[in-house]
Amino acid sequence: MGDVKLHGAWTSPYSHYVLWALKLKGIPFEYIEEDLSNKSDLLLQYNPVNKKIPVLVHGGRPICESMVIIEYLEEMWPQHPLVPSDTYERAVARFWVKLAQEK
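Definitions and cut-offs
Residues numbered from 1 in each chain as written. Predicted model: local features only at pLDDT ≥ 70, side-chain atom pairs only at ≥ 80, totals over all residues. Heavy atoms only, no water. Buried < 20%, exposed > 50% of the residue type's maximum accessible area, 1.4 Å probe, protein only. Helix = DSSP H or I, 4+ residues; strand = E, 2+ residues; numbered from the N terminus. Contact = heavy atoms within 4.5 Å. Core = buried A, V, L, I, M, F, W, Y, C linked by side-chain atoms within 4.5 Å. Pairing = 2+ DSSP bridges. Axes fitted to C-alpha atoms, helices over the stretch in contact; angles between N-to-C directions.

(A) Seen up close, helix 3 (residues 66–76). Residues of helix 3 that are buried include every one of Ser66, Ile69, Ile70, Tyr72, Leu73 and Glu74, and no others. Considering only its buried residues, helix 3 is in contact with helix 1 (13–25), strand 3 (55–58), strand 4 (61–64) and helix 4 (87–102).

Pasting the structure below:
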């Protein structure tokens, strides 16, 4: 399904959300630690708008923002789903994720 790389930082909870999702789904990936005080040319190329991590690169195409990345992973690799299949239960799970991110 193509090469998967994650640009992140160990200090970022958003990077950890994506790391956990990749591991829970069993998706092989390469982790690239970014120095946020000296951002790499690759990071700036992959996320020229926000210049932030995390950035997932799949098959050479970048995806930015942790929740957008996790939704992409769910759609691209449907095995080992991270959210319930029931619509209501999925909404409840999204509520708790949103609350946790805002706190």
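(B) Representation of the nonpolar core within the structure. In this structure, Leu22, Leu56 and Leu73 are the most contacted members of the largest nonpolar core, which totals 14 residues. Elements with a minimum of two residues in this core: strand 1 (4–8), helix 1 and helix 3. Here Leu73 is in contact with Ala21, Leu22, Lys25, Ile27 and Leu56, once residues within four sequence places are set aside. Within the second largest apolar cluster, seven residues are counted, among which are Ala9, Leu43, Tyr46 and Cys64.

(C) Representation of the sheet that holds strand 1 within the structure. With respect to topology, four strands assemble into an open sheet ordered 2-1-3-4, the strand pairing being mixed. Single-partner strands in this sheet number two, and they are strand 2 (30–33) and strand 4. Shown here is a sheet whose adjacent strand axes are inclined to one another by a mean of 20°, direction ignored. The pairing of strand 3 with strand 4 spans four bridges and is classified as antiparallel. By the bridge assignment, Val57 is partnered in strand 4 with Pro62. Along the sheet face, helix 1 touches strand 1, strand 2 and strand 3 and points at about 155° away from the line of strand 1.

By themselves, these figures tell us nothing about what the structure is for.
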